[in-house]
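# Chains, contacts and geometry: an overview
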Amino acid sequence: MTVESGARPEAPAGSLVAPEPDERPDLWPWTAKRDASGELTIGGVGAVRLAADFATPAFVVDAADLAGRARVWASAMAEEFWDGYGMSGGDAFYAGKAFLSADVVRSVTGQGMGVDTASLGELVLALRAGVDPARIGLHGNSKSDEEIRLALESGVHRIFIDSAGEVDRIEAIADGLGVRAPVMVRLTCGIHAGGNEYIATAHEDQKFGVSIADGQALDVLRRVRDAEHLDFLGLHSHIGSQILGVEAFVEAARLVIDFAALARERLGIEVGALDLGGGVGIAYTGADPVPTPPVEVARALARIVRDRCGALGLAIPHVSVEPGRSTVGPTTITLYRVGAVKDVSLPGGGTRRYVAVDGGMSDNIRPALYGADYTAVLANRHGKSAPVRCRVVGKHCESGDIVVRDVDLPGDVRTGDLLAVPATGAYGYSMASNYNMATKPGVIAVEDGCARWMIRPQGIEDLLALDEGLG
Ligand code: LLP
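Residues numbered from 1 in each chain as written. Predicted model: local features only at pLDDT ≥ 70, side-chain atom pairs only at ≥ 80, totals over all residues. Heavy atoms only, no water.

Core analysis: the biggest nonpolar cluster contains 89 residues, and Tyr94, Phe99, Ile161, Val185, Leu230, Leu235 and Leu274 have the highest contact counts within it. Considering every element that reaches this core, the biggest residue donor is helix H8 (residues 247-267), with 10 residues. Each of domain 1 (25-62 + 330-464) and domain 2 (81-323) contributes no fewer than three residues to this core. The residues contacting tyrosine 94, other than those within four sequence positions of it, are Phe99, Leu100, Val104, Val108, Met113, Gly114, Val115, Asp116, Pro323, Gly324, Thr327 and Val328. Counting 21 residues, the second-largest nonpolar core is a separate cluster that includes Val45, Ala47, Ile333 and Leu418. (Core = buried A, V, L, I, M, F, W, Y, C linked by side-chain atoms within 4.5 Å. Buried < 20%, exposed > 50% of the residue type's maximum accessible area, 1.4 Å probe, protein only. Helix = DSSP H or I, 4+ residues; strand = E, 2+ residues; numbered from the N terminus. Domains from an automatic or database assignment. Contact = heavy atoms within 4.5 Å.)

What follows concerns the site of the ligand. With respect to spatial proximity, 18 residues lie near the ligand, and among them Ser241, Glu322, Arg325, Arg366 and Tyr427 are the closest. Contact between the ligand and arginine 366: an oxygen atom at 2.5 Å from a side-chain N or O atom of the residue. At 2.8 Å, a side-chain N or O of tyrosine 370 approaches a nitrogen atom of the ligand. Coverage of the ligand by the protein amounts to 92% of the 580 Å² it exposes when considered alone. When grouped by side-chain class, the residues that make up the shell around the ligand number six nonpolar, seven polar and five charged. Taken domain by domain, the makeup of the shell around the ligand includes at least three residues from each of domain 1 (25-62 + 330-464) and domain 2 (81-323). (Near = heavy atom within 4 Å. Polar contact = N/O pair within 3.5 Å; in protein donor to acceptor, adjacent residues only side chain to side chain. Areas by Shrake-Rupley, 256 points an atom, 1.4 Å probe, with all protein chains shown as cover. Nonpolar A, V, L, I, M, F, W, Y, C, P; charged D, E, K, R; others polar.)

Bringing the sheet that holds strand E1 (residues 33-34) into the picture now. In spatial order, the strands read E1-E2-E3; together these three strands make up an open sheet with antiparallel pairing. Looking at strand neighbours, the two that pair on one side only are E1 and strand E3 (45-46), the edges of this open sheet. Bridge count for strand E2 (residues 40-42) against E3 is two bridges, and the pairing is antiparallel. Bridge pairing links isoleucine 42 to valine 45 in E3. (Pairing = 2+ DSSP bridges.)

Let us now look at the domain arrangement of the chain. Under the domain assignment used here, the chain contains domain 1 (25-62 + 330-464) and domain 2 (81-323). Contact residues are listed per partner, giving 19 residues for domain 1 and 17 residues for domain 2. Together, the buried faces of domain 1 and domain 2 total about 1600 Å²; carbon and sulfur atoms form 65% of this surface. The largest per-residue losses of area from domain 1 upon contact with domain 2 belong to Asp26, Tyr370 and Tyr427, which jointly make up 31% of the total buried on that side. Counting across the interface, domain 1 meets domain 2 through one salt bridge. Note that aspartate 103 is salt-bridged to arginine 452, the shortest N-O span being 2.6 Å. In this assembly, domain 1 and domain 2 are joined by four residue pairs in polar contact (both at pLDDT 80 or more). Breaking the side of domain 1 that touches domain 2 down by element, the ones donating at least two residues are helix H11 (366-370) and strand E21 (450-455). Split by residue class, the side of domain 1 that touches domain 2 holds 12 nonpolar, three polar and four charged. (Buried area = accessible area lost by both parts, 1.4 Å probe. Salt bridge = Lys/Arg side-chain N within 4 Å of Asp/Glu carboxyl O.)

Taken as a whole and assessed by the stated rule, the structure comprises zero disulfides. With no disulfide of its own, cysteine 189 has cysteine 309 as its nearest cysteine by sulfur position, at a separation of 15 Å. (Disulfide = S-S within 2.5 Å.)

Tallied over the full model, the rule gives six cavities of 30 Å³ or more. Size it by volume and the largest cavity reaches roughly 70 Å³. Every residue lining the largest cavity is listed: Ile257, Ala260, Glu270, Val271, Leu274, Cys309, Leu314, Ala315 and Pro317. Of the pockets and cavities examined, the second largest cavity occupies roughly 60 Å³. Taken together, Trp73, Phe249, Leu276, Gly277, Gly278, Val280, Val297, Leu301, Val321, Glu322 and Pro323 form the lining of the second largest cavity. Of the residues contributing to the lining of the second largest cavity, the split by class is eight nonpolar, two polar and one charged. (1 Å grid on protein atoms, 1.4 Å probe; cavity = no way out; pocket = protein on both sides within 12 Å on 5 of 7 lines; lining within 4 Å. Points joined across faces, edges and corners; volume = space filled by probe spheres on them.)

Shown next, in the form of structure tokens:
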């Protein structure tokens, strides 16, 4: 079937044609749309210009969308935990592991979020970008002395204790520096939630936190209470990532509050703050449900905190969350250029069309690592032919190097076309690698018709610079 240039072919029933920005705005950056010619534009900048003036592959961030999502999280928490409602304040810390750059932290903190870091690199970046240390947290299940020392010297807001041994280590480093260490204790509450086994983090048999069930959490709290240089701020729980709906978060909050009551009863400790982690899911394809808006998550948390604390006679604590994916994920697309297009005969008959692009598992490891599904559209034009089932693959030396497992692309997709994959803002760039000596793509910020590098792409020289053998 051939249709007029500029028109969009009808998607047949059961098709895997990606929803366009006007059909599923939640999947795309806020400003994404098609212009009159059928070209995808973001922040008022067309895909063709982005590819020509910058490079492919590239991550393209809608700067206004990022600021907007940060603002929504910060205000949802502030409003739902407003002291006028008898609450004690709420706050949102952006989980920097999802994607960090100086611009990103300035944008999210400018809208009222704090920043949670989980490594020396993330902490140094946040500090150098000028984030107020009083708005920074430090996570990590295997923190180095250097990380703890820098956090304490720079006066970060909170360090999350992840194991019993850390109590003494943080205490000793704080003592050596002559400072007090503000700490929260990360609990394992036994809940199994999350999009994939590797990103569920609060069931018993995994490496994070201290277990409520086996008594370690109570023991760690006792040691924190008795340590001379530790200031106990409160309790933390992060149950996993890419979680849809609010039920699992509410249940985790209930378990944490019950534990706070136990801590008061057994140890005489008042829990002044709760951090209920990140994990709110987003949509990656048209098959995913529209995600729960932050305000609904915040409201559900506020209800359970108010009701459970009330029932147990606990003072309402200050409550924070740490959303990473839901802050940055949908703000960004990856723009690829199509290389080879190949129809492969299948053993059982029929063919599969492989559309190979100029990136792949080095800029998005999520399909290979978690079996994550994405979708894609032709970005430089509308197709002129009826959709054909395609597999979008990368250029790396592995058959598992899949970008989009199944998507219907216009049948005339060809070498040189541009593809846009939505919802790549979280855990794309931050998990990128140099496999096959691929250079990491750059990140372009777009806004109001202007585009600029937020992070420049690596060059081959950047890769070779560390090799002593090349002098
Ligand atoms: N807080 C803590 C303590 C975390 O460990 C994480 C994520 C977050 C907050 C943020 O979670 P989010 O809101 O982004 O779901 N690489 C995986 C995700 C790993 C998440 C690790 N921790 C992925 O690509 O799906």
